[in-house]
Amino acid sequence: YDTDNGLAITGAITATSGAIGGINVNSDKIYIGTGTFNNSNTAFYVDDAGQFSLKDKLSWNGSALTIDGGGTFSGALSAASGTFTGALSGGTISIGSSNSIFKADSNGIYLGNATFGSAPFRVTPAGVLTSTSGTVGGFTLSSTSLVAGTGTTRVSLSTADGIHLGDNTFSSAPFRVTRAGAVT
C-alpha cells in the first residue's frame, strides 16, 4: 500500500462480496443502495439472472422493460404490439402504407393515399369532408351522383342527367330538372 497513490494491485482479485466506492458486489449481483431489484431504495441494480434496474423508474426483469416516467426518443420507436394509455401526441400518426393507409397530421385525417390532397377520404381540421363514394344518411354518394330510395321514393342528383324524383330512371321520373335547368 502506497499512502500517496493508494492501493495498486496487479493481477486478478477474487472475492465473493465487498464494496468499492459505494458499489456493493455480491456473488450474484452488483448494486448501489440496499440491493433490492426495481425499488427506490436501490439506485443501481444488476444480477446474474439478467435483471437490471435504476431505482423503481426503469427496470428489465429478463423479459419486459418497464419505464415509470416520461422519456424522449430521438429516433424511431417500433413495437410488434402494445397499448398506449393517456394522451398520444406527435406530428404524424401513420398506419399502413401507399394506398392502404390511415394518416393524421396537421393537414387533417385521411385514408387511401399517403398524400392528403390525393386521398379519397379526408377531413381537414376545419371539418371539410371529402369522400369519393359512400353512404350518408341513406343517400349513396359517388363521384358523379347522390341517390336515395327506389321507385316512387327515388331522389337522384346526377352529373349525367340532372335531378329527378319518383322513378329509378331520369326519363320516366314524374319530376325532372335537366342539367340545362329545364323542369319537366
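Above: the structure in question.
Residues numbered from 1 in each chain as written. Predicted model: local features only at pLDDT ≥ 70, side-chain atom pairs only at ≥ 80, totals over all residues. Heavy atoms only, no water.

Engineer: Give me the sheet that holds strand E16 (residues 155–158): which residues, what numbers.
Structural biologist: Read from one edge of the open sheet, six strands run E13-E14-E15-E16-E17-E18, paired in antiparallel fashion. Of all the strands in the sheet, just strand E13 (134–136) and strand E18 (175–178) have a single pairing partner and so form its edges. This sheet shows a mean twist of 15° between the axes of neighbouring strands, independent of strand direction. Relative to strand E17 (residues 162–165), E16 runs antiparallel, the two sharing four bridges. Bridging from a neighbouring strand, Leu157 pairs with Ile163 of E17. (Pairing = 2+ DSSP bridges. Helix = DSSP H or I, 4+ residues; strand = E, 2+ residues; numbered from the N terminus. Axes fitted to C-alpha atoms, helices over the stretch in contact; angles between N-to-C directions.)

Engineer: I'd like a rundown of the sheet that holds strand E5 (residues 52–54), residues and numbers included.
Structural biologist: Here we have seven strands laid out as an open sheet, ordered E1-E2-E3-E4-E5-E6-E7, and antiparallel in their pairing. With one partner strand each, in any of the chains shown, strand E1 (18–20) and strand E7 (65–67) form the two edges of the open sheet. Strand-to-strand twist across the sheet, computed as the mean angle between neighbouring axes with direction ignored, equals 15°. Both strand E2 (residues 23–25) and strand E3 (residues 29–33) contribute to a ladder of two bridges, which runs antiparallel. Its bridge partner being in E3, Val25 is matched across the sheet by Ile30.

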